[in-house]
Amino acid sequence: MSLPGPGSRRTAPEAPGAVTDTLVVGAGMAGLYAARELHRAGRDVVVLEVRDRVGGRVWSDRWEGGTIDLGASWIHGVEGNPVADLAREAGAGTLVNNAGTLDYGVRAGAVHYGADGRRLTPAECRERQRDHEAVSAGLFALARTADPDESLASGLRRALADSGLTPARALRVLHARCRMAEDDWGAGAEELCLSGLVTGQDHEGDEVVFPDGYGQLTRHLATGLDVRLGHRVTRVEHGDGGVTVHIDGQGVLTARRALITLPLGVLKEGSVTFDPALPEPKLRAVERLGMGLYDKLFLRFPRPFWDESEVIGQEGTPHGAFANWYDLRHVVGAPVLLALNGGPVARRLQDLDDTAVVRAALNCLRGLYGERVEEPSAHRVTRWGTDPYARGAYSYPAVGSLPGDHDALAAPVGGRLHFAGEATSADHSSTVHGAVLSGLREARRILGTDGGTGGSADTAR
Ligand SMILES: Cc1cc2nc3c(=O)[nH]c(=O)nc-3n(C[C@H](O)[C@H](O)[C@H](O)COP(=O)(O)OP(=O)(O)OC[C@H]3O[C@@H](n4cnc5c(N)ncnc54)[C@H](O)[C@@H]3O)c2cc1C
């Protein structure tokens, strides 16, 4: 199942005893980026992927005559972002979509409603934005000196107590901040480590999406590589002689080294065995870091009835669900609304069937637009938490996690086992660019061109 393309090298079936240079486990962004770098440097690389498609948590699918992204959608800040470079290289068109959910309509592209379903006035939006900014400043100051055991929720309580806001305004900031944490990390404020707020780096510039799907990028990377789909890795043996990788129902492959890009959720579950077991520091990092949940609901309607706005926010929805709607009419070219739910909200929805999820969503929309809300003609629901090859959406700094945990996850074992993937990126975890940079970091390490920067080399770009 190699993916041929210009300049591709079709791999013949292994001769008995043949040894590949590098086996890459996982054809997501990290694995494919690393494999491409190694292939370009003339190394013999085989990528093993359990699914029948490449991309992993980048997953574009045809739906209702258009393309939707069921995993990642945005390039978060295009300036200096390697994903923006990759998009240009792949010839993938992008659309600016700065759908920052906490911009209270101060900027064009966002409208906000109160808990009573009334659209907030410009003065109300400005007040909320000021309250939010004031509390954020206090919160960031607390985060800089916070103990790893302090949660974001605890920090918020302290920052709100110092803010002098009335109880009603403080409660609104609290709820807005919780929704923001659920979006950013797929986790609740009680689960997130306060000090995690001040780690990581952002890219400047617009946020953009892909009208024809993010998957163009992973398909582009896979072109010409030897990617074997439908290959479930069950066991990785490693030692001085190299690595032996066991594949469910398909025997073993041997190589000088392996690059493991399994999602943190899969490492936590332990469904792939390592022999000898991974070192204690890595296992502790796997335990301490959190795997968040973030799920999408796409609703297609006969015609648009909502505000023409990149994002439509509502305060005070039941359990904080469906607090933000994204208007995709210009992205997919059809009347489609997208809701994103993260953390505890997403976990609650994950246990409901599709009909119940859609009903809950429509109730929220009717609170805003009343009888104008028609029945959707189609819906699509993601469930990343029950996906055995992801076990969640992306990693987060959990209460008790330590600043060095991402690097511990990234550390090679015995020069034979390498690790990449978004959760191994100290500065850009939880993102596509974090995955790309981690793949680049490990390819350089394998090629001996990392200049000895070790586990933090993903900051190199
Ligand atoms: C709903 C959602 C929305 C998101 N939105 C954004 C966004 O807008 N912007 C952004 O930057 N990031 C976003 N992300 C995060 C981003 O998608 C990920 O950080 C990134 O794609 C992770 O890439 P990866 O290569 O580290 O992991 P993955 O893409 O998960 O790749 C790992 C691969 O390993 C494979 N695998 C697992 N088990 C086995 C096995 N036993 N044998 C063989 N193969 C195996 C998997 O199938 C997968 O293909 C989002 C994620 C989700 C889920």
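All values derive from a computational prediction rather than experimental measurement. (Residues numbered from 1 in each chain as written. Predicted model: local features only at pLDDT ≥ 70, side-chain atom pairs only at ≥ 80, totals over all residues. Heavy atoms only, no water.)

### Re the nonpolar core
- In this structure, M29, L32, I75, Y214, L217 and V227 are the most contacted members of the largest nonpolar core, which totals 36 residues.
- Those elements giving two or more residues to this core turn out to be α1 (29-40), β2 (45-48), α2 (82-90), α6 (215-222) and α13 (432-447).
- Both of domain 1 (22-56 + 214-291 + 391-447) and domain 2 (60-100 + 204-211 + 293-381) provide at least three residues apiece to this core.
- The contact partners of L32, leaving out residues within four places of it in the chain, are G26, A27, V54, G55, T218, L221, A222, L225 and V227.
- Counting 28 residues, the second largest nonpolar core, distinct from the first, contains L48, L253, F274 and A423. (Core = buried A, V, L, I, M, F, W, Y, C linked by side-chain atoms within 4.5 Å. Buried < 20%, exposed > 50% of the residue type's maximum accessible area, 1.4 Å probe, protein only. Helix = DSSP H or I, 4+ residues; strand = E, 2+ residues; numbered from the N terminus. Domains from an automatic or database assignment. Contact = heavy atoms within 4.5 Å.)

### Describing the site of the ligand
- Near the ligand lie 37 residues; those nearest to it are E49, R51, R57, W74 and V432.
- Between the ligand and A30 there is a distance of 3.0 Å, counted from an oxygen atom to a backbone nitrogen or oxygen.
- A distance of 2.8 Å separates an oxygen atom of the ligand from a polar side-chain atom of R51.
- A total of 1,000 Å² of accessible area belongs to the ligand in isolation, and the protein chains cover 98% of it.
- Among the elements of the structure, α1 and α13 are those that each provide at least two residues to the shell around the ligand. (Near = heavy atom within 4 Å. Polar contact = N/O pair within 3.5 Å; in protein donor to acceptor, adjacent residues only side chain to side chain. Areas by Shrake-Rupley, 256 points an atom, 1.4 Å probe, with all protein chains shown as cover.)

### Observations concerning the pattern of salt bridges
- Per the counting criterion, the structure on display carries 36 salt bridges.
- We note a salt bridge from R228 to D226, for which the minimum N-O separation is 2.7 Å. The residues R228 and D226 share a single accessibility class, namely buried.
- Across the pair R445 and E442 runs a salt bridge, and its minimum N-O distance is 2.9 Å. On the criterion of helical spacing, the pair formed by R445 and E442 is a turn pair, its members being three residues apart in helix α13.
- Judged by relative accessible area, R445 falls into the buried class, the value being 17%.
- Residue E442 is classed as buried on the basis of its relative accessible area, which comes to 0%.
- Within this structure, D21, R43, R256 and R257 form a network of salt bridges that share partners. (Salt bridge = Lys/Arg side-chain N within 4 Å of Asp/Glu carboxyl O.)

### Structural notes on the UniProt feature "binding site: FAD" (unreviewed entry) in the protein
- This chain's UniProt record puts "binding site: FAD" (unreviewed entry) on V233.
- Residue placement: V233 occurs in strand β9 (residues 233-239).
- Dropping the residues within four chain positions of it, V233 is found in contact with V25, L48, V245, H246, I247 and V272. (UniProt positions renumbered as here; feature names shortened; annotations may be inferred.)

### A word on the packing of aromatic side chains
- Considering all chains together, one arrives at 12 aromatic pairs under this definition.
- On the numbers, 6.0 Å between centres and 90 degrees between planes, the contact of W59 with W384 is edge-to-face. Here the residue W59 occupies a position in the loop between β2 and β3 (60-63), and W384 occupies one in the loop between β18 (378-381) and β19 (394-396), the gap between them amounting to 325 residues.
- Pairing W74 with Y326 gives two aromatic rings, centres 5.5 Å apart and planes at 65 degrees, and the pair type is edge-to-face. Linking W74 in the loop between β4 (66-69) and α2 with Y326 in strand β16 (residues 324-327), this pair joins segments that are 252 residues apart in sequence. Here the two residues W74 and Y326 agree in accessibility, since each one is buried.
- Ring-pair connections join several aromatic residues into one group, and the members of that group are Y113, F301, F305, W306 and Y369. (Phe/Tyr/Trp six-rings, centres within 6.5 Å; stacked < 30°, edge-to-face > 60°.)

### Considerations on helix α11 (residues 354-369)
- Spanning 16 residues, α11 covers 22 Å between terminal C-alpha atoms, matching the ideal 22 Å at 1.5 Å per step.
- Within α11, burial applies to A356, V357, V358, A361, L362, C364, L365, L368 and Y369.
- Looking one or two places after α11, you find G370, whose phi comes out positive at around 55 degrees. (Expected span 1.5 Å × (residues − 1).)

### Regarding the sheet that holds strand β6 (residues 110-113)
- Pairing is mixed in the open sheet, where six strands are placed in the order β6-β15-β16-β17-β14-β18. Every interior strand has two partners, whereas the edge strands, β6 and β18, have only one. Each adjacent strand pair in this sheet contributes to an overall mean axis angle of 20 degrees, direction not counted.
- Relative to strand β17 (residues 336-342), strand β14 (residues 294-300) runs antiparallel, the two sharing seven bridges. Counted as the bridge partner of K296 is L340 from β17.
- Sheet contacts for helix α10 (residues 343-350): β14 and β17; angle to β17, the most-contacted strand, approximately 110 degrees. (Pairing = 2+ DSSP bridges. Axes fitted to C-alpha atoms, helices over the stretch in contact; angles between N-to-C directions.)

### Observations regarding the state of the cysteines
- Using the criterion set out here, one finds zero disulfides in the structure.
- Cysteine C178 remains unbridged, with the sulfur of C193 as its closest cysteine sulfur at 16 Å.
- C178 gets classed as buried once you look at its relative accessible area, which sits at 15%.
- Left without a disulfide partner, C364 is nearest to the cysteine sulfur of C178, which lies 17 Å away. (Disulfide = S-S within 2.5 Å.)

### Focus: the pairing of β6
- Of the two faces of β6, both are covered, the one formed by A110 and H112 as well as the one formed by V111 and Y113.
- As paired elements, β6 and strand β15 (residues 311-314) share four bridges and run parallel to each other. Bridging across to β15, H112 finds its partner in G313.

### Quick word on α10
- Within α10, burial applies to G343, V345, A346, L349 and Q350. With its buried residues spanning 150 degrees around the axis, α10 presents them on a single face.
- The inward-facing, buried residues of α10 contact α5 (167-185), β14, β17 and α11. (Arc of directions from axis to C-beta.)

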